[in-house]
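Coordinates in review
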Amino acid sequence: MSEEKKVKWKDTLNLPKTNFPMKAQLNRREPEILEKWENMDIYRSILEKRKDDPIYILHDGPPYANGNIHLGHALNKILKDFIVKTKSMEGFKAPYVPGWDCHGLPIELKVDQELGSSKKDMSVLDIRHKCRNYAEKFLKIQKKGFKRLGIFGDWENPYKTIDPTYESSIIKYFKSFVKNKSVIRKKRPVFWCNSCQTALAEAEVEYSNHLSSSIYVKFLLKDIPDFLGKYKNKEIFVVIWTTTPWTIPANLAIALHPDYDYSLFEMKGEYYICATRLIPVLADILKTDYKKIIEFKGSKLNGLNTIHPLYNRNSLIINTNYVELDSGTGCVHTAPGHGEDDYRAGLEYNLDIYSPVDSKGHFDNTTGKYEGKEIFKANSEIIQDLKNNNRLMYETQIEHSYPHCWRCKKPVIFRATEQWFISIDTADLRKKALNEIKKVKWYPAWGEERISNMVENRPDWCISRQRDWGVPIPVFFCKDCGEALLSIEAIDKIEKIFNDLGSDSWYKEEISEFLPEGITCKKCGCKNFEKGKDILDVWFESGSSFSILEKLPGHKFPADMYLEGGDQYRGWFHSSLLVAITTKDQSPYKTVITHGWALDEHGKAMSKSLGNIIEPQSIIEEQGAEILRLWVAMVNYKEDVRLGKEILSRVIESYRKIRNTWRFMLGTISDFNPEKDSIPDEHLREIDLFILYKLQKLKQKIFEAYTNYEYHIIYHTISNFFTIDLSSFYLHVIKDNLYCNSPNSKKRRSTQTVIFKLLKETILLIAPILSFTTEEAWENMPDFEGKENSVHLNLFPKIEKKYLNIIDNDKWEKIIKLRDKILKEIENARDAKIIGDSLEAEINLDLNDEYYNLVSSNIKIFKEILVVSKINLKKSEKEKISIRKSNGKKCPRCWNWFLDDTGENKLPELCPRCSLEIEELNFDPE
RNA sequence: GGGCCUAUAGCUCAGUUGGCUAGAGCGCACGCCUGAUAAGCGUGAGGUCGGUAGUUCAAGUCUACCUAGGCCCA
């Protein structure tokens, strides 16, 4: 047959036709779709559509307005978008107002760096102005990044922690803590630079080598325990080691590990105690030998007193688990005012947080002879005094890593300063929090245990920072006696002023604007006050974010959902809970979901030093945001998630599969008008009904997964459905029907009716995940009554129970099983070069009664699902499946093989079916 | 050092209360098709379940320890 003729027969077929391209070119197409959404104001259109529906609130945790968005941001925002879109399609009014955390140290530090030495000459207001600009700049950058991901939300009106109304709410919530007496002032050690006379944050401290005196100091044991009764009359010394002799005056305790072994030993005629393991080290340093006398656990000395080597006061032996045995003596010099561990131990043992050093680094008047002396300079005098008192065992110099001020490069110290705290127990906050935690649904479930442990063990919340970029703590100090003033009346005024003018007003306005008339110092009675200089911890700020839920119309408190990374158990979940309990007497969230960390393909955290950072921008530019969205759906976000080259290519592969399947389906219904051509259920072909049955099963599974926020299940379910049920089975098998039967035939329209439904419903089902591609596919769907302008304006399709009952599933399972068996035989025949295309095959089936009946009563179905030209059926107890090449000829139109034995074909070269079709078409092959 | 989490084929995931030869899709190999074509179809090969030791008639599934990794603290 001529090529020309072949082409002509092909022209009589109904082949797929669509404008939906196979190549996605997402990086080009996505911006177009974004523009469409922008133009139609998709976010508000959806809310308008759901305006009378119940409200669902996912409250956004504010990212920090610093830097470009990273993969973790993308993961977080995409997951939130899944939920918001799902809820919309489930029939909720689900507004989503993104937020930003704009105050805080990282921005202030960046601005510091940019300003350099010019900062000295700037006012607080000027610095704050610079910080604000910095935050606004990155907010814009991040917003653009998030929108590019296809996240729907109120991007024009996000909430910001620097909004005046937001700042006002912070003050209002702070007031609640003041009212219930939780706000207290007490000492706490912080990094302190004597030269700059300022507190430093951890991030402002640089470690470099420093030469220090290293001394071993003897503390005389005052209380001899019973088990050392034999030595009651001896002087026994507990030996400590330190590299900061100037903290010896502040020593209040000696810490021993309760479980480690300690010994009493004799050395140079004196009796000492230190950790057993470290005695040889000590002996080595002193170049002497020793005699171990008795060994005991550290817990045996707990609570005993020693005598301070410089003062006539006690130093208590305590037990802590931060004691280590890799250096020193195992007996740790503890000055609660000068170290973090020391501080915690001090709290536990109710010691004074004693820090006899002023802001310039000079000893105060509680230190006797050292008063007024600069601490580092006093080192040698202290060492000399120890020596004079026979309390110095050994002295040397060592070089070690020591914290220095990043600005002036001088060594810093730990110094206890007065700070503001929220007491966790004064108003039963801890107890209430633990109780509220139980009422919240935590995904994954272990989250409840994790946050409970944290709340149970957390110390009081230090909420003051000696910084400029934040919301000032609304407190005043008496100019005469220094007493702090926390006045509800004043805070009321501040709340109002901040609401109108923002927190800059604290630095602009006269103090009289904030203070109530005639207020006096409770302690000294005077009327002179100054404004406090500290700002609030930013966690208090972000923890107040639920305030927007009260203010925004169409929102509600508490939120239905908070969703953040696992680090927020300590952060936002935690602070929000504490603030909400104090201000609203309940948890701010009903459900909390946490996601894991985004790691590289080997499961390692991404870092600059490892050079394994994957930026979402590069994926968006090269593959498209949709690929990132599908990746988020693919992985189990409740654990840490990985991303790398291979993973990405798997995502792309499965994206193509979904896209191509839709493309094919769109092609097959190009001549289908759903309103005119649809076939009613009772006339649908059985195989078409069967795939509708499968579709209902699919919906059941998908909806369940959406309900449980299990997107990876959706991904796998969809992927399997598209691959197994659609591509390799249904869509493969109905081609003959669609291509070869006359366009308007019932059997063809039956299949189109079903494909239309499959297409529409699968698009809707995946819309929350593949938001761009579903939109594109939706646009390419044939028009039908009520077709929305955007896929995202729709509700999810309903499960249609009628299709669940029409199908005899047991029968179909048998059919599919037998099909698999026969396909294996067909493959064998191919291997043996008997056939190529399956249509060349003629199947001989010898089957037992049951299967004979199954096939004979469904012979048309079998011919269709096997895509073969003929089936010969025989009854036999012994099952046998064999394949042979058809001995007929190939119909050039439909490619089925047929025996030209009727003689009735008007076009003898065609098979009888095609001959009739052509007749109907009035097609002239010549 | 502490709290919590993770570890099943190359990749992403399933594996109910411990119970037959550990499943899926993708990828891979081989083949078919050329009327979904930078597509489609079929067949097949891949894990002994991070390691060790236990409990049990029986463990991927329970216990202990170890290793690797993650978050948060210290």
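Please read these numbers as outputs of a predicted model, since none were measured by experiment. (Residues numbered from 1 in each chain as written. Chains lettered and ligands numbered in written order. Predicted model: local features only at pLDDT ≥ 70, side-chain atom pairs only at ≥ 80, totals over all residues. Heavy atoms only, no water.)

Below, the discussion takes up the overall build of chain A. Of the regular secondary structure elements, chain A holds 32 helices and 31 strands. Relative to a compact globule of 926 residues, whose C-alpha radius of gyration would be 29 Å, chain A shows 39 Å and is clearly more extended. Here chain A, with 926 residues, has 56% of them falling under the buried criterion. Relative to all contacts within chain A whose residues are 6 or more apart in sequence, the contacts with residues 24 or more apart total 77%. For chain A, the exposed surface amounts to about 41,000 Å²; the carbon and sulfur share of it is 48%. (Helix = DSSP H or I, 4+ residues; strand = E, 2+ residues; numbered from the N terminus. Rg over C-alpha atoms; globule rule 2.2 N^0.38 Å. Buried < 20%, exposed > 50% of the residue type's maximum accessible area, 1.4 Å probe, protein only. Contact = heavy atoms within 4.5 Å. Areas by Shrake-Rupley, 256 points an atom, 1.4 Å probe, with all protein chains shown as cover.)

Let us look at the packing of aromatic side chains. Under the counting rule described, the total for this entry stands at 46 aromatic pairs. Taken together, a centroid distance of 6.2 Å and an interplanar angle of 50° make the contact between tryptophan 100 and tryptophan 155 tilted. With tryptophan 100 in strand β1 (residues 99-100) and tryptophan 155 in the loop between α6 (124-148) and β2 (159-160), this pair connects stretches of sequence that are 55 residues apart. Clustering of aromatic rings is evident, with ring pairs tying together Trp442, Trp446, Tyr562, Tyr569, Trp572, Phe573 and Tyr589. Positioned over the ring face of tryptophan 420 is arginine 185, at 4.9 Å from the centre of the ring. Sitting above the plane of the phenylalanine 421 ring, lysine 186 keeps its charged end 4.8 Å from the centroid. (Phe/Tyr/Trp six-rings, centres within 6.5 Å; stacked < 30°, edge-to-face > 60°. Lys NZ or Arg CZ within 6 Å of the ring centre and 35° of its normal.)

Omega for the peptide link from tyrosine 443 to proline 444 comes to -5°, which places this bond in the cis form. Structurally, proline 444 is set in the loop between β16 (441-443) and α12 (446-457). Backbone geometry places lysine 833, a non-glycine residue, at a positive phi of 60°. Checked against the element boundaries, lysine 833 lands in the loop between α29 (809-831) and β27 (841-847). Notably, tryptophan 895 is not glycine yet its phi reads approximately 70°, a positive angle. Residue placement: tryptophan 895 occurs in the loop between β30 (889-890) and β31 (897-898). A relative accessible area of 48% means that tryptophan 895 is categorised as partly exposed.

Bringing the sheet that holds strand β29 (residues 880-885) into the picture now. Spatial strand order, β28-β27-β29: three strands in an open sheet with mixed pairing. In this open sheet, the two edge strands, each paired with only one partner strand, are β28 (870-875) and β29. This sheet shows a mean twist of 15° between the axes of neighbouring strands, independent of strand direction. Where β27 lies against β28, six bridges are found, and the strand directions are parallel. Within the sheet, the bridge partner assigned to asparagine 844 lies in β28 and is asparagine 872. The sheet strands contacting α29 are β27 and β29, and the helix crosses β29 at an angle near 45°. Strand contacts of helix α30 (residues 849-857): β27 and β28, with the helix running at about 150° to β28, the strand carrying the most contacts. (Pairing = 2+ DSSP bridges. Axes fitted to C-alpha atoms, helices over the stretch in contact; angles between N-to-C directions.)

Taken together, 56 residues surround RNA strand B, and among them Gly603, Asn636, His712, Ser727 and Tyr739 come closest. When the atoms of RNA strand B within 4 Å of the protein are grouped by moiety, sugar and phosphate amount to 80% of the total. One nitrogen or oxygen atom from the side chain of arginine 450 is found 2.6 Å from a base oxygen belonging to RNA strand B. Contact distances for RNA strand B include 3.1 Å between a phosphate oxygen and a backbone N or O atom of serine 728. Elements represented by at least two residues in the surface near RNA strand B include exactly α9 (340-348), α12, α21 (645-668), α24 (711-733), α25 (735-740) and α29. Split into classes, the residues belonging to the surface near RNA strand B amount to 17 nonpolar, 15 polar and 24 charged. (Near = heavy atom within 4 Å. Polar contact = N/O pair within 3.5 Å; in protein donor to acceptor, adjacent residues only side chain to side chain. Nonpolar A, V, L, I, M, F, W, Y, C, P; charged D, E, K, R; others polar.)

Turning our eyes to something else, we now look at helix α2 (residues 26-40). The terminal C-alpha atoms of α2, which comprises 15 residues, lie 21 Å apart, in line with the 21 Å expected from a rise of 1.5 Å per residue. Within the span of α2, buried status applies to Leu26, Arg29, Glu30, Ile33, Leu34, Lys36, Trp37 and Met40. For α2, the buried positions fall inside an angular range of 155° around the axis, keeping them on one side. Those residues of α2 that are exposed and angled more than 90 degrees off the buried face are Glu35 and Asn39. Here the buried face of α2 lies against α3 (42-49), α6, α20 (625-634), α21 and α27 (771-780). Residue aspartate 41 follows α2 closely and has a positive phi angle near 50°. (Expected span 1.5 Å × (residues − 1). Arc of directions from axis to C-beta.)

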